[in-house]
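So you can see what is in the structure, the chains are spelled out below.
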Amino acid sequence: MSSWLKPIESWLGTGTGAGAADGLLRNFSVRSKLLSIILATSLLSLGIITYLAYQTGKKALQDAAFNQLTSVRAAKKQQVEWYFQSMRETFGVFGEDASIIAAFHDFSSGYRNLGQTPLKPEQRKKKKKYYNEVYLPKLAKGENASKIAVEDYWPVLESAREAQHLFIVQNPHKTGEKNKLITHAVDNPYTVSHAKHHKWLNDLASRFAFYDLFLIDVESGAIVYSVAKEPDFATSMTIGPYANSALGRLTKDIIKSPTRGQARITDFGLYAPSNNAPAAFMGIPIFDGQKLTGVLAAQISTEALSSFLHGNKSWKEQGLGETGGSYLVGPDFLMRSDNREILEKPETYLAQIKAARIVPDATIEKMKEFKTTTLYYPINNEPVKEALKGNSGTML
């Protein structure tokens, strides 16, 4: 073989013998390393490209989701503001309505004719039985029942005692359906007024999804009429057991500084006459000419607000998918509306928060009883804290 071919044979690993085999192995090792480096570089480049594409896609999806949620938030904010503004304007009309004013005067006149004589012993016994066996046991749920006595909630005014005897104790309809009684067997000025006005006032409350509707006399502070006929019926909102309730405070505020046509709305609070269910109230003064004579008030339930807030449970149609939802939170970090979970799967939801020990068992029982998270479930995460500071934005 020519001498000039030797280097080529050595480089290619050709030739014969052990030397040739060693050259082949050495050269194969170099090629493998080069190929491995090229392959690793290619895979690394592919990985970087894939990661960058994933991050870009993830950010795009997050941005799209945040934009969707921001749009929903803006729409819900506008809707809730409209909901309360609409109620205020509607109540402003009611305060000047001739039918409302006439009903108020009829009930006030009839109320003043009640209580001329104290309840008879048998009537008083039946009324106390209602308080002891129906009202107070429900009020005592989750509380120290030994601290609750009939005397603490017994009406101060004798006219209130007779009115409750007529329309609560003698009412043949069960608790929660006392509004079904229109005409009473007893004939007196008050029952005549009730037969005349109750049906259309009951229909009015139902049409606007009010839990209850009240006519309150400013002289006595008494609820001279209510749709639901709960234990606050006929009692005074300025003295007695409910004077410091949300409705009592609202009544006193309106009496102190009445403004014609201007409705006021309270925050949600637990209301004893409704078995400590969460309730908000709206009220407006009733004038007879230039004279303040009464207050028209409505009790707003959590159900009415939540139905509006959640669009009658049309979450998917609102762009909230399978789990998204909207809710309201107060400055005490307690919810002011129901969340999606308790409306959609209440048993599962309550079991989950019970297992997580987020709230006491007594609170969970109240949530179960009233089917609500309002005033019972706390939310104090960072988005809520920022929102309560007046800030807006998005965060994970």
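Above this text is the structure in question.
A few points on the structure. Just so we're clear, the structure is a prediction, and the values are computed from it rather than from any experiment.

**A few points about the overall build of the chain**
In step 1: When its secondary structure is counted, the chain shows 13 helices and 6 strands.
In step 2: Expressed as a percentage of the 396 residues in the chain, the buried residues total 41%.
In step 3: Long-range pairs, those at least 24 residues apart, make up 60% of the contacts in the chain with a sequence separation of at least 6.
In step 4: When the accessible surface of the chain is summed, it comes to about 21900 Å², and 57% of that surface belongs to carbon and sulfur atoms.

**Comments concerning helix α11 (residues 346–356)**
In step 1: Tyr-349, Leu-350 and Ile-353 are the residues of α11 that are buried. The buried side chains of α11 occupy one side of the element, clustering within an arc of 95 degrees when seen end-on. Facing away from the buried side of α11 by more than 90 degrees, the exposed set consists of Glu-347, Gln-352 and Ala-355.
In step 2: For α11, the elements touching its buried residues are α10 (340–344) and α12 (361–370).

**A short note on the pattern of salt bridges**
In step 1: Evaluated as defined, the whole model comprises 14 salt bridges.
In step 2: Note that Glu-151 and Lys-128 form a salt bridge whose closest N and O atoms lie 3.8 Å from each other. Taken together, the positions of Glu-151 in helix α5 (residues 150–153) and Lys-128 in helix α4 (residues 121–139) put the pair 23 residues apart, joining distant regions of the chain.
In step 3: According to the relative accessible area criterion, Glu-151 is exposed, its value standing at 55%.
In step 4: Ionic pairing is found between Glu-386 and Lys-389, a salt bridge with its closest N-O pair at 3.6 Å.

**Regarding the pairing of strand β6 (residues 291–301)**
In step 1: Burial of β6 is extensive: 10 of the 11 residues sit out of reach of the surface.
In step 2: Across 6 bridges, the pairing between strand β1 (residues 212–217) and β6 is antiparallel. Note on β6: the bridge partner recorded for Leu-213 is Ala-298.
In step 3: As judged from the 10 bridges shared by strand β5 (residues 277–288) and β6, these two strands associate in the antiparallel manner. Opposite Ile-284, over in β6, you have Leu-296 as the bridge partner.
In step 4: Here β5 folds back onto β6, and the loop between the two strands holds 2 residues, one of which, Gly-289, carries a positive phi near 70 degrees.

**Observations regarding the environment of Ser-307**
In step 1: Position of Ser-307 among the secondary structure elements: in helix α9 (residues 302–309).
In step 2: Each C-alpha atom of the pair Ser-307 and Ser-337 lies 9.5 Å from the other, and the pair is 30 residues apart in sequence.

**Here we look at the pairing of β5**
In step 1: Among the 12 residues in β5, 11 count as buried, and that is most of the element.
In step 2: The sheet contact formed by strand β3 (residues 264–265) and β5 spans 2 bridges and is antiparallel. By the bridge assignment for β5, Ile-265 is matched with Met-282.
In step 3: Bridging between strand β4 (residues 269–271) and β5 involves 3 bridges; their strand directions are antiparallel.

**Focus: the nonpolar core**
In step 1: In this structure, Phe-91, Tyr-135, Leu-213, Leu-215, Leu-247 and Leu-296 are the most contacted members of the largest nonpolar core, which totals 71 residues.
In step 2: Ignoring any residue separated from it by four or fewer positions in sequence, one finds Phe-91 in contact with Phe-210, Leu-213, Ala-263, Met-282, Gly-283, Ile-284, Leu-296, Ala-297 and Ala-298.
In step 3: Counting 14 residues, the second-largest nonpolar core is a separate cluster that includes Ala-277, Ile-342, Tyr-377 and Ile-379.

**Let's talk about a nonpolar patch on the surface**
In step 1: Taken together, Leu-44, Ile-48, Tyr-51 and Leu-52 make up a surface patch of nonpolar side chains, about 420 Å² in accessible area.
In step 2: Looking at where Leu-52 falls in the secondary structure, it is placed in helix α2 (residues 18–94).

**A closer look at the packing of aromatic side chains**
In step 1: Under the defined criterion, the tally for this structure stands at 17 aromatic pairs.
In step 2: Relative to Tyr-153, the ring of Tyr-135 has its centre 5.9 Å away and its plane inclined at 80 degrees; by these criteria the two rings are edge-to-face. Here the residue Tyr-135 occupies a position in helix α4, and Tyr-153 occupies one in helix α5, the gap between them amounting to 18 residues.
In step 3: The class of Tyr-135 is buried, set by a relative accessible area of 2%.
In step 4: In this structure an aromatic cluster arises from ring pairing among Tyr-130, Tyr-131, Tyr-135, Tyr-153, Trp-154 and Tyr-242.
In step 5: Above the face of the Trp-154 ring, Lys-127 is positioned so that its terminal group lies 3.8 Å from the ring centre.

**A word on the packing of helix α3 (residues 98–112) against helix α7 (residues 189–207)**
In step 1: One way to put it is that α3 packs onto α7 with a least axis distance of 9 Å and a crossing angle of 145 degrees. Remark: the crossing between α3 and α7 carries left-handed chirality. Where α3 abuts α7, its residues Ser-99, Ile-100, Ala-102, Ala-103, Asp-106, Phe-107, Gly-110 and Tyr-111 lie against Pro-189, Tyr-190, Ser-193, His-194, Lys-196, His-197, Trp-200, Leu-201 and Leu-204.
In step 2: Tallied by class, residues from the contact of α3 with α7 come to 10 nonpolar, 5 polar and 2 charged.

**Observations regarding the side chain of Thr-266**
In step 1: Relative to the helices and strands, Thr-266 resides in the loop between β3 and β4.
In step 2: The exposure class assigned to Thr-266 is buried, which follows from its relative accessible area of 19%.
In step 3: Setting aside its immediate chain neighbours within four residues, Thr-266 contacts Ala-246, Leu-250, Ala-280 and Phe-281.

**A look at unusual backbone geometry**
In step 1: Notably, Ala-234 is not glycine yet its phi reads approximately 75 degrees, a positive angle.
In step 2: Inspection of the secondary structure assignment puts Ala-234 in the loop between β2 (223–226) and α8 (246–256).
In step 3: Classification of Ala-234 as buried rests on a relative accessible area of 0%.
In step 4: A positive phi angle, close to 55 degrees, is found at Lys-371, a residue other than glycine.

What counts and what doesn't
- Residues numbered from 1 in each chain as written.
- Predicted model: local features only at pLDDT ≥ 70, side-chain atom pairs only at ≥ 80, totals over all residues.
- Heavy atoms only, no water.
- Helix = DSSP H or I, 4+ residues; strand = E, 2+ residues; numbered from the N terminus.
- Buried < 20%, exposed > 50% of the residue type's maximum accessible area, 1.4 Å probe, protein only.
- Contact = heavy atoms within 4.5 Å.
- Areas by Shrake-Rupley, 256 points an atom, 1.4 Å probe, with all protein chains shown as cover.
- Arc of directions from axis to C-beta.
- Salt bridge = Lys/Arg side-chain N within 4 Å of Asp/Glu carboxyl O.
- Pairing = 2+ DSSP bridges.
- Core = buried A, V, L, I, M, F, W, Y, C linked by side-chain atoms within 4.5 Å.
- Patch = residues over 30% accessible without salt bridge, like charges linked within 9 Å, V, L, I, M, F, W, Y side chains within 5 Å.
- Phe/Tyr/Trp six-rings, centres within 6.5 Å; stacked < 30°, edge-to-face > 60°.
- Lys NZ or Arg CZ within 6 Å of the ring centre and 35° of its normal.
- Axes fitted to C-alpha atoms, helices over the stretch in contact; angles between N-to-C directions.
- Left-handed = near helix turned anticlockwise from the far one by under 90°.
- Nonpolar A, V, L, I, M, F, W, Y, C, P; charged D, E, K, R; others polar.

Spatial relationships are all this shows, so hold off on functional conclusions.
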